[in-house]
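Observations on the three-dimensional arrangement
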Amino acid sequence: MIKIQNWGRPKIYIALILLNIVIVTGVLGFRFFSGYSWVDALYMTVITMTTVGFGEVEPLDENGKLFTVFLISTSVAIFAYSVSVITEYIVSKNDPKRVQYRKTQKMIHKLENHIIIVGYGRNGKQAAAKLMAYDKPFIVVENDNEIIERYQNDKILFLKGNATEDEVLIEAGIKNAACLICTLPEDADNLFIVLTARQINKKLKIISRASQDASYKKIKLAGADNVIMPDRIGGDHMASLVVVPDLIEFLDNLSIIGKRSINIEEISFEDMFDDGKERTIRNIDMRSRTGCTIIGYKSPEGEYVVNPEADTLLRPGSKIVVLGRPEQINLLNKEFNI
């Protein structure tokens, strides 16, 4: 979305104030210097300001003529300025870009626990596609007008701006956001954004891209929870297709593209249970109830367990990773009201 400066209201307020000052001055002046009635004084003020060329209501004396000269010399410029500002404001209210900007601002203000994607390049597009597939609320901060105009649609909320500026991140709702994803190609920009974001929101989960090995630790130290190196992941994946091709193809076929076609799901303890009581994997009996198999467990302390035992205790703050066919995953979501 093209960002438009919100200068219209202050200017129209100034124009209306100046217009009212001139009218009040004219009315009081004609009333005092020429003894006109209030209606005649208002009439004379208006025709003087607008220079329509009508004659005086009554002949003016020298004081009245001098005041009229003063009123014309001061009011004509103010009147022309006020008309231009008011006209511009009315026209701009119907400008498609401004209408879209106001709509964007309203949507941003409603966002809470959303994800902020910085940059809409290759990685940014992939992140947005995955979030859309899972119906996660997100906003994209992009500084390139051409990219915004090319990809702007009803499903993607864009904010025009440089994410290295605090004001842009705040406008994107970083104080209420749940996660920030930095996908810019320059490691220095990602480092600065991570550092700034962490200072604004201590609880924010931050995921950043890195291109150089030397940048990995720096971005981590700046406050990123996870640092991803796309080139390393891509090379490792290609090599794995040579070493263990069948395994990699099997993993590639485990779809996690969208809610309706997923084979793997991550579920938090709080999503399954709202009473806070601890349970074992055997107690919840997920395999017989849904057909899904628990293949992973993450403790509240962040410890990962692959293929956990049936006696593993599920505690508040923990998460499980389940594997199943799409229909089994859907049954799981219904069974636990996820």
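Residues numbered from 1 in each chain as written. Predicted model: local features only at pLDDT ≥ 70, side-chain atom pairs only at ≥ 80, totals over all residues. Heavy atoms only, no water.

Notes on the nonpolar core
Put simply, the test is: Put simply, a nonpolar core is a bunch of buried Ala, Val, Leu, Ile, Met, Phe, Trp, Tyr and Cys residues held in one set by side-chain atoms that sit within 4.5 Å of each other. Think of it in three bands: residues with accessible area under 20% of the maximum for their type are buried, residues over 50% are exposed, and the middle band is partly exposed, with areas taken using a 1.4 Å probe on protein chains only. Per the convention used, a helix needs a DSSP run of H or I reaching at least four residues, while a strand needs a run of E reaching at least two, with both numbered from the N terminus. Contact criterion: two residues are considered in contact whenever any of their non-hydrogen atoms come within 4.5 Å of each other.
Formed by 28 residues in total, the largest nonpolar core has its most connected members in Ile116, Val118, Ile139, Leu180 and Ile193. If you list the elements that add at least two residues to this core, you get β1 (115–118), β2 (138–142), α7 (166–171), β4 (179–182), α8 (187–200) and α9 (213–222). Residue contributions to this core peak at three residues, all from α8. The contact partners of Ile139, leaving out residues within four places of it in the chain, are Ile108, Leu111, His114, Ile115, Ile116, Ile117, Leu157, Leu159 and Ala172. Formed by 16 residues, the second largest nonpolar core is a distinct cluster that contains Met272, Cys292, Tyr297 and Val322.

Some words on the pattern of salt bridges
A side chain with one charge can pair with a side chain of the opposite charge if their charged atoms come near. To keep it simple, the criterion reads: Note on definitions: salt bridges are taken to be side-chain nitrogens of Lys or Arg within 4 Å of carboxyl oxygens of Asp or Glu.
Applying the stated criterion to the full structure yields eight salt bridges. Residue Asp225 is joined to Arg198 by a salt bridge in which the shortest nitrogen-to-oxygen separation is 3.1 Å. On the criterion of sequence distance, the pair formed by Asp225 in the loop between α9 and β6 (226–228) and Arg198 in helix α8 is long-range, its members being 27 residues apart.

Section: a nonpolar patch on the surface
Where we set the bar: Exposure above 30% relative accessible area and the lack of any salt bridge qualify a residue for a patch; like charges then connect within 9 Å, and the nonpolar side chains Val, Leu, Ile, Met, Phe, Trp and Tyr within 5 Å. To measure how exposed things are, a 1.4 Å probe is used in the Shrake-Rupley method; for residues, cover is taken only from the protein chains shown.
Taken together, Val242, Val243, Val244, Leu247, Phe250 and Leu251 make up a surface patch of nonpolar side chains, about 600 Å² in accessible area. Contributions of two or more residues to the nonpolar patch are made by α10 (230–243) and α11 (245–252). With three residues, the single largest contributor to the nonpolar patch is α11. Within the secondary structure layout, Val242 lies in helix α10. Residue Val242 is classed as exposed on the basis of its relative accessible area, which comes to 68%.

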